[in-house]
Amino acid sequence: MPAPYDLTREQLAALLDGEPAYRSRQVWEGLHARVQRPEDMTELPAALRETLEAALPPALREISRRTADGGQTTKWLWALDDGARVETVLMHYADRVTVCVSTQAGCAMACQFCATGQAGFRRHLTEGEIVEQVAVATLEARPRRLSNVVFMGMGEPLANYDRVWGAVVRLHRDMGLSARHLTLSTVGLVPGIRRLATEALPVNLAVSLHAANDALRDELVPINRRYPLAAVAAACAEYVAASGRRLSIEWALIDGVNDRGGDAAELADFARPLGAHVNLIPLNPTPGYPVVGSPPDRVRRFRDQLVALGVNATIRATRGADIDAACGQLAAATPPVVTEAAVSGSDPVRLLHGVRGR
Ligand code: SAH
């Protein structure tokens, strides 16, 4: 039996065979629009509630939950049915409630400074495993309404394209989240960005750039060797033209590596023609990359340089650093398995199952 949020409408109808036809819609709307567990669907007869509760166990089993920032940030560690582990982070802000979801257990992109990248790839998450992270966060956020979903947890969303897009559609169509409040973040997988440009839903796109010259980016973000900056820029321009959405560029400021005046000038040359907004955060420490984030005054100077060069830039506050819930720190320790992915970890390109060329 698939996980609750992996069921299609047809599979749900088959599961409810023998019940009145309207039950299927009731349960579907209970799961999605009302975000209920079957046991809480009080419009169903008690016996059916019980049957469904047993037939549709959650895909995410809570291993731990930690809070930080005075209760404003919650991080869950989940075990999946095969023992793989992923993390989800819920963040309360004054004007919005945002959940950061994982799209893969581990990641094959091998970005040097990222804890998930340091851990390697285990497997893609299913559509239902991604949607269930949003469902759990929705319940936890109440009485506030969960408003935003960022696909910025563990994994590379565009390397798991079909399942991630399936989740996007479900969140929008069935759970009522606005496409404008959904953000896909990518390391810059060009075929995936191009494919995104053909979709009907205009979600936000964020590109994790971190370097705007190919020599440095080849090192920090190895997939750049396959999809260099010029190709990423062209795909992003295509996406902006097709979707009408403003592009975001993520830039983790690394002390002495990408935080100097010349780096700001290169970034400005990349961002300005795309009309992109730059989000700056000081690098968060991770075990495998012994370099620290830029000090606050250098972060501000970098922002000021970008603004002087005509680029919109915001400094992002780090959330959850003391519980390892901050950007790049998600590293759910998973019992190792030897898979095709683990073996070919040095060649992330081979692992882009989800991305079709066009
Ligand atoms: N693979 C996607 C989704 C992960 S998002 C992507 O790369 O965009 C996680 C974000 O945190 C990315 O922008 C990533 O580059 C950034 N990040 C990774 N490690 C970090 C660290 N140690 N400090 C700050 N940001 C980091």
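Refer to the structure above for everything that follows.
The numbering scheme is per chain: residues are counted from 1 as the chain's sequence reads. Totals for whole chains, interfaces and linings use every residue, but because this is a predicted model, local features are given only for residues with pLDDT of at least 70 and side-chain atom pairs only at 80 or more, for both listing and counting. As a convention, hydrogens and water are excluded, and side-chain values are obtained from all of the structure's heavy atoms.

Asks: Please clarify how the overall build of the protein chain should be interpreted in this entry.
Replies: The helix and strand tally for the protein chain stands at 12 helices and 12 strands. On C-alpha atoms alone, the protein chain measures out to a radius of gyration of 21 Å, which is about the 21 Å that the 2.2 N^0.38 rule sets for 358 residues. Remark: exposure states derive from per-residue accessible area (1.4 Å probe, protein chains only) relative to the maximum for the residue type, with buried under 20%, exposed over 50%, and partly exposed in between. Looking at the protein chain as a whole, 54% of its 358 residues are labelled buried. Pairs of residues are marked as contacts when any of their non-hydrogen atoms sit within 4.5 Å. In the protein chain, of all internal contacts separated by at least 6 residues, the share reaching a separation of at least 24 is 67%. Shrake-Rupley sampling with a 1.4 Å probe provides the accessible areas, and residues are treated as covered by the protein chains on show and by no other component. If you sum the accessible surface of the protein chain, you get close to 15,000 Å²; carbon and sulfur atoms cover 52% of it. By definition, any uninterrupted DSSP run of H or I lasting at least four residues is a helix, any uninterrupted run of E lasting at least two residues is a strand, and each is numbered from the N terminus. This radius of gyration counts C-alpha atoms alone. The globule rule is 2.2 Å times how many residues there are, raised to the power 0.38.

Asks: Just checking my understanding: could you explain the packing of aromatic side chains for this structure?
Replies: The rule is short: rings of Phe, Tyr and Trp, with Trp giving its six-membered ring, pair when the centres are within 6.5 Å, and they are stacked under 30 degrees, edge-to-face over 60, tilted in between. Counting across every chain of the model gives four aromatic pairs. Residue placement shows Arg-319 over the ring face of Tyr-93; its charged tip is 4.4 Å from the ring centre. By the criterion adopted, a ring carries a charge over it if an Arg CZ or a Lys NZ lies within 6 Å of its centre and within 35 degrees of its normal.

Asks: Hey, could you run me through the site of the ligand in this one?
Replies: Being near a molecule or strand, for a residue, comes down to having at least one heavy atom within 4 Å of it. Around the ligand sit 20 residues in total, of which Glu-156, Ser-185, Ser-208, His-210 and Asn-284 are the nearest. For the purposes of these results, a polar contact is taken to be a pair of N or O atoms within 3.5 Å, where, inside protein, one atom must be able to donate a hydrogen and its partner to accept one; residues adjacent in sequence count only when each atom of the pair is a side-chain atom. Contact distances for the ligand include 2.6 Å between an oxygen atom and a side-chain N or O atom of Ser-208. In the model, a nitrogen atom of the ligand is placed 3.3 Å from a nitrogen or oxygen of the Cys-327 main chain. Starting from 530 Å² of accessible surface for the ligand in isolation, the protein chains cover 94%. Sorting the residues of the shell around the ligand by element identifies strand S8 (182-186) and strand S10 (248-253) as the ones contributing at least two each. Classes in brief: Ala, Val, Leu, Ile, Met, Phe, Trp, Tyr, Cys and Pro nonpolar; Asp, Glu, Lys and Arg charged; the others, Gly included, polar. Its residues placed into classes, the shell around the ligand shows nine nonpolar, nine polar and two charged.

Asks: How do you make sense of helix H9 (residues 229-243) when you look at a structure like this?
Replies: Structural remark: α-helix, 3.6 residues per turn; residues separated by three or four positions point the same way. Under the convention used throughout, the expected extent of a helix is 1.5 Å for every residue step, that is, one less than its residue count. For H9, with 15 residues, the first-to-last C-alpha span of 21 Å sits near the 21 Å given by 1.5 Å per residue. Turning to H9, its buried residues number three or more, namely Leu-229, Val-232, Ala-233, Ala-235, Cys-236, Tyr-239 and Ser-243. Projected down its long axis, H9 carries its buried residues within an arc of 165 degrees, all on one side. Facing away from the buried side of H9 by more than 90 degrees, the exposed set consists of Ala-230, Ala-241 and Ala-242. Taken together, the buried residues of H9 touch helix H7 (190-196), strand S9 (204-208), helix H8 (214-220) and helix H10 (261-274). The directions considered for the arc are those from the helix axis to the C-beta atoms.

Asks: Whenever I open this one, the pairing of S10 confuses me. Can you help?
Replies: For a regular strand, side chains alternate in direction, first toward one face of the sheet and then toward the other. Most of S10 sits inside the fold, with six of its six residues counted as buried. Sheet topology note: the S9/S10 ladder contains three bridges and is parallel. When the bridges of S10 are listed, Val-207 appears paired with Ile-249. With six bridges joining them, S10 and strand S11 (residues 277-282) adopt parallel strand pairing. By the bridge assignment, Ile-249 is partnered in S11 with Val-278. In this view, the connection linking S10 to its parallel neighbour S11 by way of H10 has right-handed handedness. We call two strands paired when DSSP finds no fewer than two bridges between them. A clockwise course of the path from the first strand over the helix to the second, judged with the strands pointing away from the viewer, identifies a crossover as right-handed.

Asks: Hey, could you run me through the state of the cysteines in this one?
Replies: Each disulfide consists of one covalent bond between the sulfur atoms belonging to two cysteines. Note that a disulfide, as used here, is simply two cysteine sulfur atoms within 2.5 Å. Applying the stated rule across the entire model yields zero disulfides. Take Cys-107: it sits in no disulfide, and the sulfur closest to it among the cysteines is that of Cys-114, at 6.5 Å. No disulfide involves Cys-236; its sulfur sits 15 Å from that of Cys-111, the nearest cysteine. The class of Cys-236 is buried, set by a relative accessible area of 0%.

Asks: How do you make sense of the packing of helix H5 (residues 127-141) against helix H6 (residues 161-173) when you look at a structure like this?
Replies: The description of two packed helices rests on the angle between their axes and on the distance between the axes. Fitting a line to C-alpha atoms yields each axis, with helices limited to the stretch in contact; the angle taken between N-to-C directions then spans 0 to 180 degrees. One can describe the packing of H5 onto H6 by two numbers: an axis separation of 8 Å at closest approach and a directional angle of 40 degrees. Taken together, the axes of H5 and H6 are oblique relative to one another. Taken as a pair, H5 and H6 cross one another with a handedness that is right-handed. On the side of H5, the interface is formed by Glu-127, Ile-130, Val-131 and Val-134, while H6 contributes Arg-163, Val-164, Gly-166, Ala-167, Arg-170 and Leu-171. A per-class count over the contact of H5 with H6 returns six nonpolar, one polar and three charged. Throughout this description, any angle smaller than 35 degrees is read as roughly parallel, any larger than 145 degrees as roughly antiparallel, any in the 65 to 115 degree range as roughly perpendicular, and the remainder as oblique. Throughout, a crossing is termed right-handed when the near helix is turned clockwise from the far one, and left-handed when it is turned anticlockwise from it by less than a right angle.

Asks: Explanation requested: the packing of H10 against helix H11 (residues 296-308) in the structure shown.
Replies: Contact geometry for H10 and H11: axes closest at 9 Å, N-to-C directions at 40 degrees. It follows that H10 is oblique to H11 by the angle criterion. Once H10 is placed against H11, the crossing between them reads as right-handed. In contact with Gly-261, Asp-263, Ala-264, Leu-267 and Ala-268 of H10, H11 contributes Phe-302, Gln-305 and Leu-306. Taken together, the residues of the contact of H10 with H11 sort by class into five nonpolar, two polar and one charged.

Asks: Is there a simple way to think about the pairing of strand S7 (residues 148-151) in this case?
Replies: Here S7 shows two buried faces, one formed by Asn-148 and Val-150 and the other by Val-149 and Phe-151. The pairing of strand S4 (residues 97-100) with S7 spans three bridges and is parallel. In the strand pairing of S7, Thr-98 is matched with Asn-148. Sheet topology places S7 next to S8; three bridges connect them, and they run parallel. Bridge assignment links Val-149 to a residue of S8, and that residue is Leu-182. Between the parallel elements S7 and S8, the chain passes through H6 in a crossover that is right-handed.

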